[in-house]
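Single-letter residue listing:
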Amino acid sequence: MTAPLRIAVAGLGTVGMGTIEILRANSQILARRAQRPFEVVAVSARDRGRDRGADISNFCWYDDPVKMAAEVECDVVIELIGGSGDIAKNVCKNAIAKGRHIVTANKALLALHGTELAKSSESAGVAFCYEAAVAGGIPVIKTLRESLASNSVSRIQGILNGTCNYILSGMEREGKDFLSVLKDAQKLGFAEIDPTFDIKGIDAAHKITLLSSLAFDIPIKFSQTYTEGIDKIELDDFRFASEFGYKIKLLGIAERKQDSYEQRVHPCLVREDSEVAKVDNELNAVVINDEIVGKTVLIGPGAGGKPTGAAIVADLLDLKRGNLNSPLGESILSSKKIKNINIALHICKNHAPKNKQITRCREPSKGMVIDNTLAIDPFGYRFYIFNISFFIT
């Protein structure tokens, strides 16, 4: 058996400790499958004295993760600090400069700086792996980059934020208002103390931006992803949606058009008999459409220490096997990636009802609104006005 794969971990929150727990608990299985043991040699976090529920005293401790990435003798740096700020970015830049592979779960960093980091890692000949950055334990990055690599993807849509899905499921099931279910989610650990990134749709927008780039071979352009959250949804909306045979879900959608691409996150009306409608609580789901396979549906836990940690460890196994795919699917250095792309922020005409005459409202105060255009319901003769704009998918 060869020398250990030496690992440094920057960030010891839920995901960081979940990763270390998996590496410890499954050390023999991993060593056998990789023909090489995995060894955590250094860690870094903000508070050294915090009780993390596991012994980390045998690891070399760094107060400064950026310094750790540059100095420690290791093969891989796992970046789990989170956020798109300088600390996380500089951890990656220092590691790449020293020829160390990167594994990260940081979707915000990738959505804002992914193209730059992908270029740097390819130039340095090191891997930049991020399976854990989108949908936690669901292997959607690997599916797009490997399993469907020969297929032309036309559309990706899915539930990409467990907090929002938990809140919407609770409002529908329990009849509680938005703030009440949000507080329940925070108590159970399904929502952050500051849930802004989740409930405003920003977290899901980071993820669909990455999936769009990977699926369509286009640059990462988070600024051109239309983003709308769930904080304006009211209980009446669920009642009216149910009457039409729909459920309300926050979806991330990326779609290839004839001469443009759409990247968007917003509440949608989904038919009750669809795969996505049946995915409730904190679970995530991704539906991929292409011209060869047709529809691929992936469902599973989208967050949490162990599911996300499992995705990180899967990336470590890929590194050992020499599966060093270009971060964005095809080489960003040699490919002719589309530069002057048209990513439509919001294409109203694609979703407004066509050739329909809108009749008198049965309930003038409520209804479905699509881009401020009244939408005929599935039966074609009545409609309501909801409190928020929905797309029907």
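Summarised in this report is the structure supplied together with it. Since the model is a prediction, treat every value here as computed from it, not as a measurement. (Residues numbered from 1 in each chain as written. Predicted model: local features only at pLDDT ≥ 70, side-chain atom pairs only at ≥ 80, totals over all residues. Heavy atoms only, no water.)

What about helix H8 (residues 178-188)?
Among the residues of H8, those classed as buried are Phe178, Val181, Leu182 and Ala185. Each buried residue of H8 lies within a common arc of 105° when the element is viewed along its axis, so the set occupies one face. Every exposed residue of H8 that faces more than 90 degrees away from the buried side is listed here: Leu179, Lys183 and Lys187. In this structure, the buried residues of H8 make contact with helix H7 (162-174) and helix H9 (196-199). (Buried < 20%, exposed > 50% of the residue type's maximum accessible area, 1.4 Å probe, protein only. Helix = DSSP H or I, 4+ residues; strand = E, 2+ residues; numbered from the N terminus. Arc of directions from axis to C-beta. Contact = heavy atoms within 4.5 Å.)

What to know about the sheet that holds strand S3 (residues 60-62)
Reading across the sheet, the 6 strands line up as S3-S2-S1-S4-S5-S6 and stay open at both edges, with parallel pairing between neighbours. For this open sheet the edge positions go to S3 and strand S6 (128-129), each flanked by a neighbour on one side alone. Pairing between strand S1 (residues 5-10) and strand S2 (residues 38-44): 6 bridges, direction parallel. Looking across to S2, one finds that Ala10 is bridged to Ser44. (Pairing = 2+ DSSP bridges.)

A few points about the packing of helix H5 (residues 107-124) against helix H10 (residues 202-216)
For the pair H5 and H10, the least separation of the axes is 9 Å and the interaxial angle reads 55°. Accordingly, the angle class assigned to the pair H5 and H10 is oblique. In the crossing of H5 with H10, the sense of the turn from one axis to the other is left-handed. Seen from H5, the contacting residues are Lys107, Ala108, Leu110, Ala111 and Leu112; seen from H10, they are Asp203, His206, Lys207 and Leu210. For the contact of H5 with H10, the class distribution of residues is 5 nonpolar, 1 polar and 3 charged. (Axes fitted to C-alpha atoms, helices over the stretch in contact; angles between N-to-C directions. Parallel < 35°, antiparallel > 145°, perpendicular 65-115°, else oblique. Left-handed = near helix turned anticlockwise from the far one by under 90°. Nonpolar A, V, L, I, M, F, W, Y, C, P; charged D, E, K, R; others polar.)

Side note on the side chain of Asp318
Note on placement: Asp318 falls in helix H12 (residues 305-320). Among the residues examined, Asp318 registers a relative accessible area of 8% and is labelled buried. What Asp318 contacts, discounting residues up to four positions off in sequence, is Lys142, Glu146 and Asn323.

Some words on the environment of Asp184
As for its position among the elements, Asp184 is in helix H8. The partly exposed category is assigned to Asp184, whose relative accessible area is 21%. Residues Asp184 and Tyr166, spaced 18 residues apart in sequence, show a C-alpha to C-alpha distance of 9.8 Å. Ignoring anything within four residues of it in the chain, the contact list for Asp184 reads Glu174 and Lys176. Among the polar contacts listed, one links the side chain of Asp184 to the side chain of Lys176, at a separation of 2.9 Å. (Polar contact = N/O pair within 3.5 Å; in protein donor to acceptor, adjacent residues only side chain to side chain.)

A closer look at the nonpolar core
Counting 72 residues, the largest nonpolar core has Val140, Leu144, Ile156, Leu211 and Ile230 as the members making the most contacts within it. The biggest single contributor to this core is H10, with 8 residues. Not counting chain neighbours up to four residues away, the residues in contact with Ile230 comprise Cys164, Ile167, Leu168, Phe178, Ile199 and Leu250. Within the second largest apolar cluster, 31 residues are counted, among which are Ile7, Ile56, Ala105 and Ile312. (Core = buried A, V, L, I, M, F, W, Y, C linked by side-chain atoms within 4.5 Å.)

So, the layout of surface pockets
Roughly 1,800 Å³ of internal volume is contained in the largest pocket. The greatest single-element share of the lining of the largest pocket, amounting to 4 residues, is contributed by helix H1 (residues 14-25). Partitioning the lining of the largest pocket into residue classes produces 19 nonpolar, 18 polar and 13 charged. (1 Å grid on protein atoms, 1.4 Å probe; cavity = no way out; pocket = protein on both sides within 12 Å on 5 of 7 lines; lining within 4 Å. Points joined across faces, edges and corners; volume = space filled by probe spheres on them.)

Here we look at the pairing of S1
Burial within S1 is extensive, with 5 of its 6 residues counted as buried. As paired strands, S1 and strand S4 (residues 76-79) are joined by 4 bridges and run parallel to one another. Across the sheet, Val9 pairs through a bridge with Ile78, a residue of S4.

Thoughts on unusual backbone geometry
Within the chain, Ala135 stands out as a residue other than glycine whose phi angle is a positive 65°. Position of Ala135 among the secondary structure elements: in the loop between S6 and helix H6 (140-147). Even without being glycine, Asn281 reaches a positive phi, approximately 60°. Along the chain, Asn281 turns up in the loop between strand S10 (261-271) and strand S11 (283-290).

Considerations on the pattern of salt bridges
With the rule as written, the count across this model stands at 22 salt bridges. The partner of Lys249 in a salt bridge is Asp280, and the shortest N-O contact between them spans 2.8 Å. Of the two residues, Lys249 sits in strand S9 (residues 246-256) while Asp280 sits in the loop between S10 and S11, which places them 31 residues apart along the sequence. Judged by its relative accessible area of 1%, Lys249 falls in the buried class. Here Asp280 falls in the partly exposed class, since its relative accessible area comes to 25%. Glu262 is paired through a salt bridge with Lys257; the nearest N and O atoms lie 3.8 Å apart. Owing to a relative accessible area of 1%, Glu262 belongs among the buried residues under this scheme. For Lys257, a relative accessible area of 24% gives the class partly exposed. Here the salt bridges share partners, and the residues they tie into one network are Arg155, Glu255, Lys257, Glu262 and Arg264. (Salt bridge = Lys/Arg side-chain N within 4 Å of Asp/Glu carboxyl O.)

Focus: the packing of aromatic side chains
In total, this model carries 2 aromatic pairs according to the counting rule given. Aromatic side chains Phe216 and Tyr261 sit 5.4 Å apart centroid to centroid with 35° between the ring planes, which places their arrangement in the tilted category. With Phe216 in helix H10 and Tyr261 in strand S10, the pair connects residues that are 45 residues apart, well separated along the chain. Note on Phe216: relative accessible area 3%, which makes it buried. Taking the relative accessible area as the measure of exposure, Tyr261 reaches 9% and is therefore buried. Its guanidinium or amino end placed over the ring of Tyr130, Arg145 lies 5.5 Å from that ring's centre, counting from NZ or CZ. (Phe/Tyr/Trp six-rings, centres within 6.5 Å; stacked < 30°, edge-to-face > 60°. Lys NZ or Arg CZ within 6 Å of the ring centre and 35° of its normal.)

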